[in-house]
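Report on the structure
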Amino acid sequence: MQGIRSTVRIGLVTLLCISLAGCTERVRTHGYVPSEDELQQIVPGVDTRGTVEDLIGVPSTSGALSDSGFYYIESDVRHYAWQRPEVVDREVLAITFDNAGVVENIERFGLQDGQVVPIARRITRSGDGDISFIRKLFGNIGGINAADFFN
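Along each chain, numbering runs from 1 in the same order as the chain's sequence is written. Predicted model: local features are reported for residues with pLDDT of at least 70 only, side-chain atom pairs are reported and counted for 80 or more only, and whole-chain, interface and lining totals are derived from all residues. Processing note: side-chain calculations cover all non-hydrogen atoms of the structure and skip hydrogens and water entirely.

**Some remarks on the overall build of the protein**
Runs of E in the DSSP output that reach at least two residues are strands. Runs of H or I that reach at least four are helices, and both are numbered from the N terminus. Of regular secondary structure, the protein possesses five helices and five strands. For the protein, the sequential pattern of α-helices and β-strands runs α-β-α-α-β-β-β-β-α-α. Counting over 151 residues, the protein shows a buried share of 17%. For the protein, the exposed area adds up to about 11900 Å²; of that, 56% sits on carbon and sulfur atoms. Only protein chains enter the calculation, and the probe is 1.4 Å; a residue is then buried if its accessible area is under 20% of its type maximum, exposed if over 50%, and partly exposed in between. Note on areas: these come from Shrake-Rupley sampling with a 1.4 Å probe, and a residue is covered only by the protein chains present in the view.

Now the structure itself:
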């Protein structure tokens, strides 16, 4: 009897430890932003797109309008138990170029400078509203005219 109780206690303690481990906070970093030391190597008015890529690496994304700039994005996302992941810090480094492809400006933006913008969503909404498949299937029954088949 004593052996069963100690086995149950060990099992409960193990289960409790595993449950508590699932509730720990994890912060993951996504992306890359060059350090200030690396940015000191870039000289506005002198360096070009190619030299920037050589010095600090390829950007996370580039400007959509006529390739106007490079954007390096780094986000810290907090994961806690069953809760939805939360962005706790984001840094965006924007390097803009003139029409000749020469560095024009270097700016840093943080989470406090704007809103969290989801880069991609995996939900596609249809324009049908709440119409079910069955309703769509039977919705045209009254709209068919026999005369349309014989003309």
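**Considering the environment of Gly-57**
In this structure, Gly-57 sits in the loop between helix H3 (49-56) and strand E2 (61-62). Taking C-alpha positions, Gly-57 is 9.7 Å from Val-33, a pair spaced 24 residues apart along the chain. Excluding residues that lie within four positions of it along the chain, Gly-57 makes contacts with Val-52 and Tyr-72. Here, two residues are considered to be in contact whenever any of their heavy atoms come within 4.5 Å of each other.

**Some points on the nonpolar core**
Proteins that are soluble and globular tend to have nonpolar side chains buried together. Counting residues in hydrophobic clusters, the biggest one holds eleven residues: Val-33, Leu-39, Ile-42, Val-52, Ile-56, Phe-70, Tyr-72, Leu-93, Ile-95, Phe-97 and Val-103. It is strand E4 (residues 86-97) that contributes the most residues to this core, three residues altogether. Discounting residues that sit within four places of it in the chain, Val-103 has contacts with Ile-42, Val-43, Pro-44, Gly-45, Asp-47, Val-52, Ile-95, Thr-96 and Phe-97. Grouping buried Ala, Val, Leu, Ile, Met, Phe, Trp, Tyr and Cys residues that are joined through side-chain atoms within 4.5 Å yields what is termed a nonpolar core.

**Things to note about the packing of aromatic side chains**
Two rings belonging to Phe, Tyr or Trp (six-membered ring only in the last case) form a pair when the distance between their centres is within 6.5 Å. Interplanar angles under 30 degrees mark stacking, angles over 60 mark edge-to-face geometry, and anything in between is tilted. A complete count under the given rule lists two aromatic pairs for this structure. Geometrically, the ring pair formed by Tyr-32 and Tyr-72 is edge-to-face, given 6.4 Å between the ring centres and 80° between the ring planes. A residue pair is termed long-range when its members are at least 10 positions apart, and Tyr-32 in the loop between strand E1 (25-31) and helix H2 (36-39) and Tyr-72 in strand E3 (residues 69-80) qualify at 40 residues. On the basis of relative accessibility, which here comes to 34%, the residue Tyr-32 falls in the partly exposed class.

**Points about a nonpolar patch on the surface**
Put simply, a patch holds well-exposed residues, over 30% relative accessible area, that have no salt bridge, with like charges counted together within 9 Å and Val, Leu, Ile, Met, Phe, Trp or Tyr side chains within 5 Å. What makes a salt bridge here is a side-chain nitrogen of Lys or Arg within 4 Å of a carboxyl oxygen of Asp or Glu, nothing more. On the surface, Ile-4, Val-8, Leu-12 and Leu-15 cluster together into a nonpolar patch covering about 400 Å² of accessible area. Examined against the element boundaries, Leu-15 turns out to sit in helix H1 (residues 2-21). For Leu-15, a relative accessible area of 52% translates into the label exposed.

**Points about the confidence of the model for the protein**
In predicted models, pLDDT denotes the confidence assigned by the predictor to each residue on a 0 to 100 scale. Mean pLDDT over the protein: 76, with 68% of residues reaching 70 or higher. H3 holds the highest mean pLDDT among the elements of the protein, 90, whereas helix H5 (residues 147-150) holds the lowest, 62. Low pLDDT (under 50) marks residues 119-124, which in the prediction has zero contacts with non-local residues, meaning those over four places away or in another chain.

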